[in-house]
Amino acid sequence: MSDITVKQKEFFGHPIGLYVLFFTEMWERFSYYGMRAILVLYLVGKTTDVNSGMGWSQAEALSLYGWYTMLVYVASIPGGIIADKVLGQKKSVMLGGLILVAGHGILAVTELWAFYTGLGLIIVGVGLLKPNISTMVGGLYKQGDIRRDKAFTIFYIGINLGAFLASLVVGYVGEKIGWHYGFGLAGIGMLMGQSVYFYGQKYLTHVGNFIGDSKTVEGKKLQNSSLTKIEKDRIIVLLLSFLIVIVFWGAFEQAGGLMNIYTSEKTDRVLSFSLPLIGNTVPASWFQSLNAFFIIILGTGVASIWAKRKLKNKEASSLFKMAIGTMIMGFGFLFMTAAAAQFDTEGSSAMYWLVLAYLFHTIGELCSSPVSLSFITKLSPAKYSSIMMGIYFAMTGFGNKLAGILGESASELGEYTIFTGIAIFCMLFGLLIIVFLKKLKVLTHGAEDNEFEVSN
């Protein structure tokens, strides 16, 4: 994936290039999650309001949300192919970022054509940027370096720092000042990310370069020959792990859809005191910042717990972490079940149910999502690294579409049924993965068996 024999300057025990990618992704996610925080609310907003929305029904809004979030991530497959076959990861990230700046900027225009054009450009831009910047993170580390999982957690904190700021800032501007001002602010965030990436190129000279029909790993040139038995087995286990990805994100992404609307329409958001700018009513979009906030304060702690467990020779494989994460995240939906039950009896539900739900969703995410990214860089054949990362994000996209479908069905089945069903299914699915864990680990051929601290 990179010439990792190059001596890399470090900061707090990690290559400086990690922090360049950290801040680039932070601002890219600021733009994406800022737009995500207000998209559904804008679609269902009344056309007669002072801050007028599109006037769509809940089902129509969640349908578009599902298609959009699916396509954003499915576009990672061609984005990965373009990187591996044409541009390389580094140039693909640069091009994707420029397209994203244009897409978010166009969304600030109030015309309908601009709305659909902006979404289309964002789909293309994320497809080029998302899988390739993640692959570059893995390329900063040697094989067997236990810091790789920690690096992806640090990178993941960058993602969620951007998401946290976006939910508060873009959410406030969109809901209180104007939806299109919020979209425009998200575009400014993307421009900031592109600037960081441009000026940080000197720390990324050895990673993400296009090298034609071969890859260089630890000084050895690899030709694009047919896959070995080990490589085939590892691809099989990666593809099976993608089922976990679909289930996880199909549940988790209720945050931007059904949970977002539920927060707006059925949660008592009135405080007993007033806050500057917002008064005593908390904007619905602000609750999405809880997930990012919890990741920022819990991220390194969760990663350290797993690393210590690994060094003590206790079960800490990526598949085990992903299974546990799915179960914990599923358990969090039981708090939404309680919220729905309270609404059915009292006519509104308390905010603390949302806080507890997002807390457990976050712990589950920290066990699963950054680990998934690291797992792919460990098991993917070097010559298909970006493509496999692209497939991973495509599976995330299918999970997003599943989330939209589940959210739409709430109009018929009710939130209580949907939240409870998600909780039960996720916990049972996680248990099923643990049952087959030993057989799945055989297919990895010891890719995670000899991880230790490696210095550059």
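Source: prediction; values computed, not measured.

**Observations regarding the overall build of the protein**
From N to C terminus, the protein includes 15 helices and 6 strands. For a compact globule of 456 residues, the expected C-alpha radius of gyration is about 23 Å, and the protein comes in at 21 Å, within 12% of that figure. The principal-axis extents of the C-alpha atoms in the protein amount to approximately 65 × 45 × 35 Å. Looking at the 456 residues of the protein, the share that counts as buried comes to 59%. Here the analysis covers contacts within the protein between residues at least 6 apart in sequence; of these, 83% occur between residues at least 24 apart. Roughly 17900 Å² of accessible area belongs to the protein as shown, and the carbon and sulfur atoms make up 67% of that amount. Treating the 35 positive side-chain charges of the protein as one cloud and the 29 negative ones as another, the clouds have centres 11 Å apart.

**Quick notes on unusual backbone geometry**
For Asn313, which is not a glycine, the phi torsion comes out positive at approximately 65 degrees. As for its position among the elements, Asn313 is in the loop between helix H10 (289-311) and helix H11 (318-346). A positive phi angle, near 55 degrees, is found at His445, a position not held by glycine.

**With respect to the packing of aromatic side chains**
Taken as a whole and judged by the stated rule, the model has 26 aromatic pairs. Relative to Phe183, the ring of Tyr42 lies with its centre 5.5 Å away and its plane at 85 degrees, an arrangement referred to as edge-to-face. With Tyr42 in helix H1 (residues 16-44) and Phe183 in helix H7 (residues 179-199), the pair connects residues that are 141 residues apart, well separated along the chain. Judged by relative accessible area, which is 5%, Tyr42 ranks as buried. Classification of Phe183 as buried rests on a relative accessible area of 1%. Consider the rings of Phe242 and Tyr392, whose centres lie 6.2 Å apart with planes at 55 degrees: the pair is tilted. Placement of the pair is Phe242 in helix H8 (residues 229-252) and Tyr392 in helix H13 (residues 385-413), with a sequence separation of 150 residues. Of the two residues, Phe242 and Tyr392, neither departs from the other in class, the shared state being buried. Of the aromatic side chains, those joined through ring pairs into one cluster are Tyr32, Tyr33, Tyr68, Tyr73, Phe242, Tyr392 and Phe393.

**Section: the nonpolar core**
A general trend in soluble globular proteins is that nonpolar side chains are found buried together. Counting 125 residues, the largest nonpolar core has Leu21, Tyr68, Phe242, Phe333 and Tyr392 as its most contacted members. Counting residues per element, this core draws most heavily on H1, at 18 residues. If sequence neighbours within four positions are ignored, Tyr68 has contacts with Tyr32, Met35, Leu39, Leu119, Ile122 and Ile123.

**Remarks on the pairing of strand E5 (residues 270-275)**
In this structure, E5 lies alongside strand E6 (residues 279-281), joined through 2 bridges in antiparallel fashion. Residue pairing for E6: Leu275 is matched across the bridge by Gly279.

**A look at the side chain of Asn132**
Mapping Asn132 onto the fold places it in helix H5 (residues 112-139). You can call Asn132 buried: its relative accessible area is 0%. Beyond its immediate chain neighbours, meaning those up to four positions away, Asn132 contacts Gly79, Gly80, Ala83, Gln89, Ser92, Val93 and Ser386.

**Description of the environment of Ile418**
Within the secondary structure layout, Ile418 lies in helix H14 (residues 415-435). Judged by its relative accessible area of 6%, Ile418 is buried. C-alpha separation for the pair Ile418 and Leu406, spaced 12 residues apart in sequence, amounts to 7.1 Å. Every residue in contact with Ile418, bar those within four places of it in the chain, is listed here: Leu258, Leu406, Ser409, Ala410 and Leu413.

Calculation rules
- Residues numbered from 1 in each chain as written.
- Predicted model: local features only at pLDDT ≥ 70, side-chain atom pairs only at ≥ 80, totals over all residues.
- Heavy atoms only, no water.
- Helix = DSSP H or I, 4+ residues; strand = E, 2+ residues; numbered from the N terminus.
- Rg over C-alpha atoms; globule rule 2.2 N^0.38 Å.
- Buried < 20%, exposed > 50% of the residue type's maximum accessible area, 1.4 Å probe, protein only.
- Contact = heavy atoms within 4.5 Å.
- Areas by Shrake-Rupley, 256 points an atom, 1.4 Å probe, with all protein chains shown as cover.
- Lys, Arg positive; Asp, Glu negative; His and termini not counted.
- Charge placed at Lys NZ, Arg CZ, Asp CG, Glu CD.
- Phe/Tyr/Trp six-rings, centres within 6.5 Å; stacked < 30°, edge-to-face > 60°.
- Core = buried A, V, L, I, M, F, W, Y, C linked by side-chain atoms within 4.5 Å.
- Pairing = 2+ DSSP bridges.

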